[in-house]
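Listed below, chain by chain, are the residues.
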Amino acid sequence: MAEGSTIIDPRDDVLGRARVTDTPELESFYQELAARNAGAFWKRANAIEPWEPETRYRPTLWRYAEMRDMCLRALDLVKPEEAGRRVVTLLNDSDAGRENTAVCGWLFSGMQAMRPGEITPAHRHTASAHRFIMEGKGAYTVVDGHHITLGANDYVLTPGGCWHDHGVVADGEVSIWQDGLDIPLMNSLETNFYAVYDQPAQTAAFPADDLPLSYGGAALRPEGVAAWEKPYSPVMVYRWEATRDALWSLAKVSEGTPFDGHMVRYSNPLTGGWALQTMGAHMQMLKPGFRGKAHRHTGNVVYNVAAGRGYSIIGGERFDWGTHDIFCVPAWVWHEHVNLDASEEAFLFSFNDFPVMEALGVRIEEALQDNDGHQTCAS
Ligand SMILES: [Fe+2]
Ligand SMILES: [Fe+2]
């Protein structure tokens, strides 16, 4: 509760919570503390230690048709070598989102379009990045000398600290993808470094797609290659067809989860853990007519509709979505997903900050018990 507020949460009127009635003597005491760069904790305690997480971010949805147009307009307005990274930033519809350049919580996200023959100049940063390809042909990224080809609905890593540049080959097509980074987290931790490469682009030092071709076989680990000792996944790119096929296979033998349908994690095959240290990603499949139950959890999630149409109820508000719309679910907000199509599956790609929550021991989840697990929708 804000300092000076006269509204008192009835739950705070218990032993163990701050419930001091201010007096003129206390007011002057507060002023004397302030003059000494100090304060009375009981004035702020209930606000900074709420009973449960209170997100400063709002559920927000970006329509692909609109954002695609904006990305294409940027192509004509700004040269990539001048912009550095010609990215349209997705800003959470909240003061916190605009202040922290955040899509939601600790996560940054943007969209970028590239024309055939264009490059994003090589650079690196402490912040980790990953990308979800939405459309185009001939796109590629080069990560620490590894050239990686990209197709629609592929998921690709640019781990923190790696040199990277991107481009679209001259005979390709305009390509559009979504970036996800942990910039807000790195800036909160005051750990973000940035550097530019001494050439516009890296020279590939390995055969094209050497990492996904070495490590991308399902449950097959290569022998006779140099040991992989990096803290992130050696797969680097996860192909759409293989991901979709894995979900179809899973659906033959599993009912999936009541909240997310059938879901797979993009994992580091050497550890089984997340592909990156600070951000995770999933692909989930909602069967035709799927109506998920509501849950909430710590951690922030940003979705990109890989295919299909449906809606999600987030914090009691309905958000209808179609292919490549992007939306977010802030921490500890109830959410449930519905596939509106009676014959087609819906696929939702998502990325999150769960690895951070797990590393800190604060990944917490709760299922909605009331109303058979469904929210009452306000809109
Ligand atoms: Fe980058
Ligand atoms: Fe969830």
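Conventions adopted
- Residues numbered from 1 in each chain as written.
- Chains lettered and ligands numbered in written order.
- Predicted model: local features only at pLDDT ≥ 70, side-chain atom pairs only at ≥ 80, totals over all residues.
- Heavy atoms only, no water.
- Donors = N, O, S within 2.8 Å, 3.2 Å for Na, K, Ca; no water.
- Helix = DSSP H or I, 4+ residues; strand = E, 2+ residues; numbered from the N terminus.
- Buried < 20%, exposed > 50% of the residue type's maximum accessible area, 1.4 Å probe, protein only.
- Pairing = 2+ DSSP bridges.
- Contact = heavy atoms within 4.5 Å.
- Axes fitted to C-alpha atoms, helices over the stretch in contact; angles between N-to-C directions.
- Phe/Tyr/Trp six-rings, centres within 6.5 Å; stacked < 30°, edge-to-face > 60°.

Where an unreviewed UniProt entry is consulted, the protein chain appears under the name Gentisate 1,2-dioxygenase, with the organism given as Sphingopyxis italica.

A. Broad picture of the coordination of the iron ion (ligand 2). Donor atoms from the polypeptide that bind the iron ion (ligand 2) are H295 (NE2), H297 (NE2) and H335 (NE2), placed at 2.1 to 2.3 Å. Mapped onto the polypeptide sequence, the residues donating to the iron ion (ligand 2) form the spacing pattern H-x1-H-x37-H. Of this pair, H297 sits in strand β13 (residues 295-297) while H335 sits in strand β18 (residues 335-339), and the two are 38 residues apart along the sequence. Like H335, H297 is buried.

B. Main features of the sheet that holds strand β11 (residues 262-265). Taken together, the six strands give an open sheet; going across it, the order is β1-β17-β14-β19-β12-β11, and neighbouring strands pair in antiparallel fashion. Pairing within the sheet leaves two strands with one partner each, and these edge strands are β1 (61-62) and β11. The sheet contact formed by strand β14 (residues 301-307) and strand β19 (residues 346-352) spans six bridges and is antiparallel. Bridged to V302 within β19 is F351. Helix-sheet contacts for helix α8 (residues 240-253) involve β11, β12 (280-286), β14 and β19, and the interaxial angle to β11 is about 135°.

C. Structural view of the packing of aromatic side chains. Counted under the stated rule, the structure contains 16 aromatic pairs. Ring plane angle 45° and centroid distance 4.4 Å describe the contact between Y155 and Y266, whose orientation is recorded as tilted. Of this pair, Y155 sits in strand β7 (residues 155-158) while Y266 is found in the loop between β11 and β12, placing the two residues 111 residues apart along the sequence. Accessibility expressed as a relative area gives 1% for Y155, which makes it buried.

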